[in-house]
Amino acid sequence: MTEHPRSRPTGREREPGPPPEHGTACGGPVPPDPGERVRPVPGDPWDLAPGQSWGPLGGFGAPGPGHRPAPEPPEGAAPGRRADDHHPLPDLDGVSDALALLAPRGSTGAPRPGVEAAPGASASGSPAPGDAPHPESSPHEPSSPKTPPHRPDARPPAPDRPAAAGTSAAPPAGETFPRRPARGHVSGAPAWTEARAIAAREGRRAPGGTRTAPLADALGHVLAEPLTALCDLPSFDTSAMDGWAVSGPGPWHIQDAAVLAGHADADALADGTAVRIATGARVPRETTAVIRSEHARAEEAKGLLHAERTVVPGQDIRPRAQECRSGERLLGAGTAVTPAVLGLAAAAGYDELRTVRPVRAEILVLGDELLSSGLPREGLIRDALGPMVGPWLRALGAGSVTTRRIVDDEEALHRAVADSEAELLVTTGGTAAGPVDHVRPVLRRLGAHLLVEGVAVRPGHPMLLARLAPGRCLVGLPGNPLAAVSALLTLAEPLLRGFTGRPTAEPSRIPVHESVQGHPHDTRLVPVRHTTGRLVPLRYHGPAMLRGIAEADALAVVPPGGARPGDALEVLGLPWTSWAHPGTEEGCST
């Protein structure tokens, strides 16, 4: 297994000090060095500073406060290795493999899980040339099974697994154990893009209804059928400017009449004459052009009009059907009804629109520890999700949204889910496996079909999506605020898009300004701002933080392993922001 990629030290900032005399490669705490100052910076536990490393057994997280860089290898050690260095961390295959990593290096048996034997090393675990001999194993003695050292806090092996003492558990002959993901994965969780596709498909298969709404009530809805023009636009030749309608070459004799908007068809213009005309007025027959008022000079004494610029036939005249002809398709089904769409529909002759019936959503806020007002106190915290999720769902296209508080009780949650009439049910918290996490047990009791159970994304990996009945779904959000936002954009947004028939937007990709630390296996969603054509990651992006997303324009989709400066990352625009990459007409996908 290769070393995890690292980038800028966003998790901790370090100031140089004297070289340490002793350190650790596993990220464990060591006595503080007076010459080295470590300053914590709010951020994500995946961010590591130079010299820091992942924890033992494949665990991830910021090292302890006293972590220092590892010393240089002593003379005699193999190149690139320290005498006491660990092998690169492998993908663990279970508890037995994890325990095998703790066994002495000279123990008998197969190589440690996921670690290939060094050149010259035997299967019995003899050290390779250049390796310092382990104090418990002499290179002159044959390897023999050894009893692992006693650890007071060691747990006995599970009943169905053999104890591991320097070896990984081997399957019975002819059988193989199923491969398990490394620590940090959600077992069986789909990739982020796959989870979004599942949610979108589920939304599209829902039997959505339609309704006819007056223009005044259609704002924010979605067209259920294409919008076709009911008339030509414009319906007749009209003047694009205030000025003079003229016929033939000039100068022109001025007529006393004026042509105004909204009046009936005026008499045809005789050759060599001019008449005043207003913007939007119907152009008289035989009109050659319209001359703007500021480009003409009237000679009142002689009653003549002179043009001060060259007159081009047809100038400043909007011909009939310039924008569209009757029956022409203007917009497709699935288009969101914006104020501009309402204006176009009215101009094209519509009084009402056929729209997709809005999705009814209900939010169930779970947690006895949540306060709806006041300051946090005595183990109680303010509910941040209740005020946030409802408006966010409306911005994503939900219609009516109601919010209810539910105590940490399985029966109460069961009644709330069973009795709800909403097409989209959203729960906050309770998606993990804690003593009061009741969402999964309730879904099992209701016979729901779990479509997504965990996603390989950080934050928010415990999110879930379940089908309660045809056309009714539940999205389970994690309890941490930024993790809940991640789940909204991962599952709720494509689900609502499918419910309402809106097409999937083409993703935008914008270069990132600086390095972004990635998770070893999962996608990361990081709050960013769009500045001078680049994405600038924001500092406060821990799962429980909202400060970063409150300042953000979008979330950047960081692939496993991270991103380097200049890498183009997919962006998820927030519903209330709209911006495009300079030089393109492409905005953020949501």
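The coordinates are above.
Residue positions are given per chain, counted from 1 along the sequence in the order it is written. The model is predicted, so local features are restricted to residues of pLDDT at least 70 and side-chain atom pairs to those at 80 or more, both for listing and for counting; the totals for chains, interfaces and linings are taken over all residues. Just so you know, side-chain values use all the structure's heavy atoms and leave hydrogens and water out.

Tell me what's going on with the overall build of the protein chain, and back it up with residues and numbers.
Regarding its fold elements, the protein chain presents eight helices and 28 strands. Note on contacts: a residue pair qualifies if any of its non-hydrogen atoms lie within 4.5 Å across the two residues. The contacts of the protein chain with a sequence gap of at least 6 include a subset with a gap of at least 24, amounting to 70%. Surface summary for the protein chain: the accessible area is close to 30,000 Å², and the carbon and sulfur share equals 53%. In DSSP terms, a helix is any run of H or I states spanning at least four residues, a strand is any run of E spanning at least two, and both are numbered starting from the N terminus. Shrake-Rupley sampling with a 1.4 Å probe provides the accessible areas, and residues are treated as covered by the protein chains on show and by no other component.

Go over the packing of helix 2 (residues 192–205) against helix 7 (residues 481–500), please, and point to the residues and values.
In the contact formed by helix 2 and helix 7, the axes pass within 7 Å of each other and the chain directions differ by 30°. For the element pair helix 2 / helix 7, the angle class is roughly parallel. Considering the relative orientation of helix 2 and helix 7, their crossing is right-handed. Counting all contacts with helix 2, which are made through Trp 192, Ala 195, Arg 196, Ala 199, Ala 200, Glu 202, Gly 203 and Arg 204, the residues of helix 7 involved are Leu 489, Thr 490, Leu 491, Glu 493, Pro 494, Leu 495, Gly 498 and Phe 499. Residue classes follow a fixed rule: Ala, Val, Leu, Ile, Met, Phe, Trp, Tyr, Cys and Pro count as nonpolar, while Asp, Glu, Lys and Arg count as charged, and any other residue, Gly among them, counts as polar. For the contact of helix 2 with helix 7, the class distribution of residues is nine nonpolar, three polar and four charged. Note on geometry: axes are lines fitted to C-alpha atoms, helical ones only across the stretch in contact, with angles between N-to-C directions running from 0 to 180 degrees. The labels follow the angle: roughly parallel below 35 degrees, roughly antiparallel above 145, roughly perpendicular from 65 to 115, and oblique for the rest. Each helix crossing is assigned a hand: it is left-handed if the near helix lies turned anticlockwise from the far helix by less than a right angle, otherwise right-handed if that turn is clockwise.

How would you sum up the sheet that holds strand 22 (residues 464–469)? Please name residues and give values.
Strands belonging to one sheet form pairs held by backbone hydrogen bonds; the direction of such a pair is parallel or antiparallel. If DSSP finds at least two bridges between two strands, the strands pair. Spatially, the six strands line up as an open sheet ordered 18-15-19-23-22-20, and their pairing is mixed. Each of the sheet's edge strands pairs with one partner strand only, and the pair in question is strand 18 (401–406) and strand 20 (449–453). The mean inter-strand angle of the sheet, taken between neighbouring strand axes irrespective of direction, is 20°. Judged from the four bridges that link them, strand 20 and strand 22 form a sheet pairing that is antiparallel. In the strand pairing of strand 22, Val 452 is matched with Leu 465.

Treat this as a map of the structure, not an account of what it does.
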